[in-house]
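Listed here are the chains, written in short residue letters.
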Amino acid sequence: MESQFSNLSEDEALEVANKSFYDKFQRYVSDVETIIFRGSWQDKTYQQIANDSGYSLDYFRGDAGNKFWQKLSEALGEKVKKDDFKAAIERKWKNYQKPNPPDSPPLNYREETWQKERTYGQFVGRNPKITDWTVYKQLKIVIE
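Each value, and the rule that gives it
- Residues numbered from 1 in each chain as written.
- Predicted model: local features only at pLDDT ≥ 70, side-chain atom pairs only at ≥ 80, totals over all residues.
- Heavy atoms only, no water.
- Core = buried A, V, L, I, M, F, W, Y, C linked by side-chain atoms within 4.5 Å.
- Buried < 20%, exposed > 50% of the residue type's maximum accessible area, 1.4 Å probe, protein only.
- Helix = DSSP H or I, 4+ residues; strand = E, 2+ residues; numbered from the N terminus.
- Contact = heavy atoms within 4.5 Å.
- Polar contact = N/O pair within 3.5 Å; in protein donor to acceptor, adjacent residues only side chain to side chain.

## Here's the deal with the nonpolar core
Ile36, Phe37, Phe68, Trp69, Leu72, Phe85 and Ile89 are the most contacted members of the largest nonpolar core, which has 29 residues in total. Those elements that provide at least two residues to this core are helix H1 (10-25), helix H2 (31-41), helix H3 (46-53), helix H4 (57-76) and helix H5 (85-97). Looking at this core, the element that brings in the most residues is H4, giving 8 residues. Setting aside its immediate chain neighbours within four residues, Ile89 contacts Leu8, Ala13, Val16, Ala17, Phe37, Trp41, Leu72 and Leu76.

## Examining the environment of Arg38
Within the fold, Arg38 resides in helix H2. Judged by its relative accessible area of 26%, Arg38 falls in the partly exposed class. Each C-alpha atom of the pair Arg38 and Leu14 lies 7.6 Å from the other, and the pair is 24 residues apart in sequence. Apart from residues lying up to four places away in sequence, Arg38 is in contact with Glu10, Asp11 and Leu14. A distance of 2.6 Å separates polar atoms of two side chains, one belonging to Arg38 and the other to Glu10.

So, in structure tokens, the structure goes:
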């Protein structure tokens, strides 16, 4: 069966999930979550994922599966389930691909942080020439 998300590989999709998790929780997708993600991306059932990984079916259907889809929903900013997460991953990937317009905050930046960095950036690299010897001596005293 050919996937309708053919322009996004499994590894790229997992990279989107990892970036989303890191942006939201300051951590990456865990090993068990990766098993669930990859198996689901390959349209495997929990039974097939459990058989391939050595974990129990109940573990994936219950605790691990539910928690993972809840966390992924939070990270992507929309409700997702095992059956419908691919479209959300695709949308998030497209958002990451869009360049920021000039003079706009980077994605996932608070406006206040962006304004501080923008203001600071105006002064970085400046090396004003001091022509007044008195001002130079005053500055030197303050620095020392």
